[in-house]
Amino acid sequence: MEKAAQPAVLTRLSVMMFLQFFAWGSWFATLALAMGGNGLGDFIGRAYESAPIGAIFAPLFLGLVADRLFASERVMGVLMLLGGAIMAYIAILAPQGAEKGGLIVSLMIAYMLCYMPTLGLGNTITFTHLRQVDFPKARVWGTIGWIAAGLCVGAVGWSSSLNIFWLGSISSLLLGVY
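Residues numbered from 1 in each chain as written. Predicted model: local features only at pLDDT ≥ 70, side-chain atom pairs only at ≥ 80, totals over all residues. Heavy atoms only, no water.

Helix-helix packing is described using two parameters, namely the angle between the two axes and the distance between the axes. Where helix 5 (residues 72-93) meets helix 6 (residues 101-129), the closest approach of the two axes is 8 Å, and the angle between their N-to-C directions is 155°. Considering their axes alone, helix 5 and helix 6 lie roughly antiparallel with respect to each other. Here helix 5 and helix 6 pass one another in a crossing that is left-handed. The class makeup of the residues in the contact of helix 5 with helix 6 is 21 nonpolar, seven polar and one charged. (Axes fitted to C-alpha atoms, helices over the stretch in contact; angles between N-to-C directions. Helix = DSSP H or I, 4+ residues; strand = E, 2+ residues; numbered from the N terminus. Parallel < 35°, antiparallel > 145°, perpendicular 65-115°, else oblique. Left-handed = near helix turned anticlockwise from the far one by under 90°. Nonpolar A, V, L, I, M, F, W, Y, C, P; charged D, E, K, R; others polar.)

Spelled out as structure tokens, the structure:
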């Protein structure tokens, strides 16, 4: 007997997906503009390297922990709270410019080590609570979250502002609490 998609569950998982991709899209898409316009241009390439580093290494360790020792929801919440705190620290350091560039890149790697496992965890959580055929109904909200983040950043004029890090921090923390 297949589980039916309950509207409340679908809504909660859709919000999770929205916030998850909003948190990443709020800063990653315009990172080069923000760093280049604020004295951190020499660190742009290294900052963008944080995503593949996080994608390669973090799931190897955290996937095992999440699957065997803790509920995926709890692991995802803790990772997003930790990531939100790291992103807030980046937001505090970034106005200091190139003097803190190396530390900022290291913190971005730390953030992505927290964030990247949540992609798999979010899918696991969603597949656990929805039928496979209903998964796209929730997942599409991740894409909408990424788009909404870009539109929000552009609408408020933050495409080249360091405020993108605050937006990333706040949305990460919101998802962690959610």
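So much for the structure itself; the text now carries on.
So, on to the packing of aromatic side chains. Taken as a whole and assessed by the stated rule, the structure comprises 10 aromatic pairs. On the numbers, 5.3 Å between centres and 90° between planes, the contact of Trp24 with Trp146 is edge-to-face. A residue pair is termed long-range when its members are at least 10 positions apart, and Trp24 in helix 1 (residues 7-28) and Trp146 in helix 7 (residues 135-155) qualify at 122 residues. Relative accessible area serves as the criterion here: at 29%, Trp146 is assigned to the partly exposed category. Between Trp27 and Phe165, the aromatic rings sit 6.5 Å apart at their centres with planes inclined by 45°, giving tilted as the arrangement. Highlighted residues: Trp27 in helix 1 and Phe165 in helix 8 (residues 163-177), separated in sequence by 138 residues. Take Trp27 and Phe165: they sit in the same class, and that class is buried. (Phe/Tyr/Trp six-rings, centres within 6.5 Å; stacked < 30°, edge-to-face > 60°. Buried < 20%, exposed > 50% of the residue type's maximum accessible area, 1.4 Å probe, protein only.)

For the rest of this paragraph, the subject is the nonpolar core. Counting 50 residues, the largest nonpolar core has Trp24, Trp27, Met108, Tyr111 and Phe165 as its most contacted members. Secondary structure elements with two or more residues in this core: helix 1, helix 2 (31-36), helix 3 (44-48), helix 5, helix 6, helix 7 and helix 8. (Core = buried A, V, L, I, M, F, W, Y, C linked by side-chain atoms within 4.5 Å.)

Within the structure shown, the criterion is met by two salt bridges. Residues Arg131 and Asp134 are paired through a salt bridge, measuring 2.9 Å at the closest nitrogen-oxygen approach. Arg131 sits in the partly exposed class, given a relative accessible area of 26%. Given the relative accessible area of 1%, Asp134 is considered buried. Among the charged side chains, a salt-bridge network with shared partners connects Arg131, Asp134 and Lys137. (Salt bridge = Lys/Arg side-chain N within 4 Å of Asp/Glu carboxyl O.)

Our focus in this paragraph is helix 6. Here helix 6 contains 29 residues, and its C-alpha end-to-end distance of 42 Å stays within 8% of the 42 Å for a straight helix at 1.5 Å per residue. Its axis deflected by about 30° at Leu119, helix 6 carries its strongest bend there. (Expected span 1.5 Å × (residues − 1). Bend = angle between axes of the 7 residues up to and from the residue.)

The next thing to look at is the side chain of Ser172. Looking at the element boundaries, Ser172 is found in helix 8. Accessibility expressed as a relative area gives 0% for Ser172, which makes it buried. A polar contact is formed between the side chain of Ser172 and the side chain of Tyr111, at a distance of 2.8 Å. Those residues in contact with Ser172, other than ones at most four positions away along the chain, are Ala23, Met80, Leu81, Gly83, Gly84 and Tyr111. (Polar contact = N/O pair within 3.5 Å; in protein donor to acceptor, adjacent residues only side chain to side chain. Contact = heavy atoms within 4.5 Å.)

With that settled, the discussion passes to the packing of helix 1 against helix 6. At their nearest, the axes of helix 1 and helix 6 sit 11 Å apart, and the two run at 160° to each other. The orientation of helix 1 relative to helix 6 falls into the category roughly antiparallel. Note that helix 1 runs across helix 6; the crossing there is left-handed. In this structure, helix 1 contributes Val9, Leu13, Met16, Met17, Gln20, Phe21, Ala23, Trp24 and Trp27 to the contact, and helix 6 contributes Met108, Tyr111, Met112, Tyr115, Met116, Thr118, Leu119, Gly122, Asn123, Ile125, Thr126 and His129. Grouping the constituent residues of the contact of helix 1 with helix 6 by class yields 15 nonpolar, six polar and no charged.

Without other data, these values stay purely geometric and don't point to any function.
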